[in-house]
Amino acid sequence: MLFRRLVHNTINVRAEAETVELGDRRLLEMLGIQPDEINLRGKNALKEATVYACIKILSESVAKLPCKIFEETSQGIKKRPGHPLYPLLKNRPNPYMTAIDMFRAAEAQRNLHGNAYIVPEVVRSGPDKGKFRHLWPVDAENVQIWVDDAGIFGRQKRVWYVIQSGGDEIRLDPEEIIHLKAMTLDGITGVPPLMYLKYLVEAGASGTKYIRDFFKQGLQAKGIVHYTGDLNKEAEDKFRERFERMAAGLKNAHRVALLPFGYQFQQLQLTMADAQFLENAQLTAVQIATAFGIKMHQLNNLDRSTHTNIEHQQRQFYSDTLQAILTMYEQEMTYKLFTPSEFEAGYYIRFNVDSILRADIGTRMEAYRKGIQGGMLAPNEAREKEELAPFDGGDMLLVNKAMVPLSQLEQLIEKQITNSGEGGEKNGQEGQEGQAG
């Protein structure tokens, strides 16, 4: 327990004992139950529409990008589709899920809990010993990070990952687990975004609950009933029950509520317009989306969007939001999934972002044409980007013959003058011979 206490102090969590009565509100809070508030911790935050949409967009944006394996050699960058790791990243990381399922789950966990984990399963024996057989995502709620801050076990700042599985604890070294972090303050643990978005998320969920309850009671506003005279407690309760049964609920919508003579109903609840409900709801959605790095057109808010600026915002979404996330994935997986010799040889993992940055077909074809005519792209390289089969001779770089180096321009001019003079003399001789004949 001494080590565990050191760990908790390292990540700024108090581990002191505290006595709490069964009826104390704090006991419910310790158990994650909020009796008077909307509980939006962890997976419950997905109940808020904007949070769900933002996490869905991020997880699908990462998951849909194919992973490629490259090697940096002295002859340039080479693709390595034959690497044993490639099928796990491209198609099937384990028997129960596809690659898109694994990355989608990892990115959702990263945004909900601040940390996501993938455990590679290594072959322990046989000819494939040391190679990875499967990749398994792990629920972040079942993982603890232990830090030996005092150097009790011989090496200061030693880090372990402890996974709770079926009542057992599995301890892994950092090299044995892929750790994907959200924003981090210490470089070791990620900070859950919802920790800082708590009040925004609760405000959005409260607005949704307000509308639900408003419709649930048949669009009937709350209020008080004025009457002349005096009623005892039993009579008040009986009148309130009869009035609510007559006027509240969806089945009583659009019906006329009747009041006895001398009774008057006064509405107490603000209308949506008075409370600026729509404006506040829209502001909350914008703030949540901004915190996740989501552009408003991705949430179907097209108030200030045009065809031109949507394309620009899509590129901004990649450069401002996705690029840092993808770089973190690439660096972590490159270090953890390749052997030391492969890492030193220049193997690395890279996401193909063409699906995000890809323009319309006319723009793409014009870019290919300029690249091929300028000698920067071979025809087969352009065909490969469009998933077309290569053709013979298409691997050669082409260049427009009208473009020549400046140093050769003088030689070409002299050659043309010489050829022009020789051609004139030859034509003159042929003319004299013709006259003699």
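Structure: above.
What comes next concerns the included structure. (Residues numbered from 1 in each chain as written. Predicted model: local features only at pLDDT ≥ 70, side-chain atom pairs only at ≥ 80, totals over all residues. Heavy atoms only, no water.)

1. Looking at the packing of aromatic side chains
Within this structure, the stated rule accounts for 8 aromatic pairs. Note on Phe103 and Phe351: the rings are 5.8 Å apart at their centroids and 70 degrees apart in plane angle, and the pair reads as edge-to-face. One end of the pair, Phe103, is in helix H5 (residues 99–113); the other, Phe351, is in strand E11 (residues 347–351), with 248 residues separating them in the sequence. For Phe351, a relative accessible area of 4% corresponds to the buried category. (Phe/Tyr/Trp six-rings, centres within 6.5 Å; stacked < 30°, edge-to-face > 60°. Helix = DSSP H or I, 4+ residues; strand = E, 2+ residues; numbered from the N terminus. Buried < 20%, exposed > 50% of the residue type's maximum accessible area, 1.4 Å probe, protein only.)

2. Overview of the sheet that holds strand E5 (residues 143–148)
Sheet architecture is open: 3 strands sit in the order E5-E6-E7, paired in antiparallel fashion. Each of the sheet's edge strands pairs with one partner strand only, and the pair in question is E5 and strand E7 (168–172). This sheet shows a mean twist of 30 degrees between the axes of neighbouring strands, independent of strand direction. Across 6 bridges, E5 lies against strand E6 (residues 158–165) in antiparallel orientation. From the neighbouring strand, Gln144 faces E6, where its bridge partner is Val162. (Pairing = 2+ DSSP bridges. Axes fitted to C-alpha atoms, helices over the stretch in contact; angles between N-to-C directions.)

3. Quick word on the sheet that holds strand E4 (residues 132–138)
Ordered in space as E4-E3-E8, the 3 strands form an open sheet in which the pairing is antiparallel. If you trace the sheet from one side to the other, it starts and ends with E4 and strand E8 (178–181), each paired once. Looking at each pair of strands side by side, their axes are set apart by 20 degrees on average, direction ignored. Bridge count for strand E3 (residues 115–122) against E8 is 4 bridges, and the pairing is antiparallel. Bridge pairing links Ile118 to Ile178 in E8.

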